[in-house]
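For reference, the chains in residue letters:
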Amino acid sequence: MRRKKERRERKVPFFNIYIFKVDKELILGLVGEALESEHLHDCFLVDIQIQLPRIEIFIDSDEAVTFEKCKKISRHIEGVLDTNKYFGDHYILDVSSAGVGRPLKYPRQYIKNIGRTVELKTEAGRSLKGTIKDAGPEKFSVEWEDSEMVGRKKTKIKKEEYFSYTDIQIAKIKISFN
C-alpha cells in the first residue's frame with residue numbers, strides 16, 4: 001500500500017509562541033513593579049516589543065518622560081532579569097518615551113496632548129487632521145477647518161466632532177514647525 005506524502009505547512013513552533021507570551025507577561029509585570037516601587041505614578045506603559053536579544057519598553061507620562069524616569073525603570077528590570085537569568089547574559093534592554101511618532105493608545109495620551117495637532121483614521125476609513133480640543137475617559141474631540149461653498153465663494157468653517165476611542169484605528173500627534 002502506498003502512502004501519500006502530505007504537504008505540511010510551515011508553522012511557527014508552539015514553544016516559540018509560548019516563550020514569547022511568557023516573556024511579554026514577565027516584562028509587563030516587571031514594568032508594573034518598577035512604576036510602583038520607584039513612585040512613578042505619573043508614568044504608564046504604552047508598548048513592549050520583544051525580538052530577542054532586544055527588549056524595548058515604551059512609556060509615557062502625564063508630565064514628561066525624563067532620562068531619570070527611564071533609568072529607574074531600566075535599573076529595576078535589569079536587576080530582576082540579571083538576578084534570575086531569565087534571558088541569560090545576552091539581552092539588550094531599552095526603556096524610552098513612546099515618542100511623537102508612535103500612535104496614541106490610551107485616553108491619558110489624548111488628555112496630555114490637548115491643543116496639539118493630531119492625524120487620525122477612524123475604523124470606518126475616514127481620515128482627519130485637526131486639533132485635540134477635549135479629552136476624557138470615554139471620548140475626545142477634534143476641531144478642524146473645512147471649506148464650504150457659500151454662494152459662489154468658498155468659505156473656511158471650523159468644525160468640531162467627538163470620537164469614541166474605540167472608533168479610532170490610528171491617531172498620531174503631528175509636529176508643526178510654523
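Predicted model only: the values in this text are computed from it and were never measured. (Residues numbered from 1 in each chain as written. Predicted model: local features only at pLDDT ≥ 70, side-chain atom pairs only at ≥ 80, totals over all residues. Heavy atoms only, no water.)

Colleague: So, the nonpolar core: which residues are in play, and what are the values?
Modeller: Where a protein is soluble and globular, its nonpolar side chains tend to be buried together. Judged by nonpolar contacts, the single largest core of 21 residues is most densely connected at Ile27, Ile55, Ile57, Ile73, Ile77 and Leu81. Broken down by secondary-structure element, the contributors of at least two residues to this core are α1 (14-37), β1 (43-51), β2 (54-61), α2 (67-84) and β3 (92-97). If you tally residues by element for this core, the top one is α1, at five residues. Discounting chain neighbours no more than four positions away, the residues touching isoleucine 73 are Ala34, Leu35, Leu40, Ile59 and Val95. Leu104, Ile132, Trp144 and Tyr165 belong to the second largest nonpolar core, which has 15 residues in total. (Core = buried A, V, L, I, M, F, W, Y, C linked by side-chain atoms within 4.5 Å. Buried < 20%, exposed > 50% of the residue type's maximum accessible area, 1.4 Å probe, protein only. Helix = DSSP H or I, 4+ residues; strand = E, 2+ residues; numbered from the N terminus. Contact = heavy atoms within 4.5 Å.)

Colleague: Would you mind going over a nonpolar patch on the surface in detail, with residue names and values included?
Modeller: Taken together, the side chains of Val100, Ile175 and Phe177 make up a nonpolar region of the molecular surface, amounting to roughly 330 Å² of accessible area. Positionally, phenylalanine 177 belongs in the segment after β8 (168-174). Phenylalanine 177 sits in the exposed class, given a relative accessible area of 77%. (Patch = residues over 30% accessible without salt bridge, like charges linked within 9 Å, V, L, I, M, F, W, Y side chains within 5 Å. Areas by Shrake-Rupley, 256 points an atom, 1.4 Å probe, with all protein chains shown as cover. Salt bridge = Lys/Arg side-chain N within 4 Å of Asp/Glu carboxyl O.)

Colleague: So, the pairing of strand β5 (residues 127-135): which residues are in play, and what are the values?
Modeller: Consecutive residues of a regular strand have side chains that alternate between opposite faces of the sheet. With five bridges joining them, strand β4 (residues 117-122) and β5 adopt antiparallel strand pairing. The partner of valine 118 across the bridge, within β5, is glycine 130. Linkage of β4 to β5, two consecutive antiparallel strands, is achieved through a turn of four residues, within which glycine 125 is found at a positive phi near 95 degrees. By the bridge criterion, four bridges tie β5 to strand β6 (residues 139-150) in an arrangement that is antiparallel. Along β6, the bridge assignment pairs threonine 131 with glutamate 143. Where β5 folds back onto β6 in an antiparallel hairpin, the turn is made up of three residues. (Pairing = 2+ DSSP bridges.)

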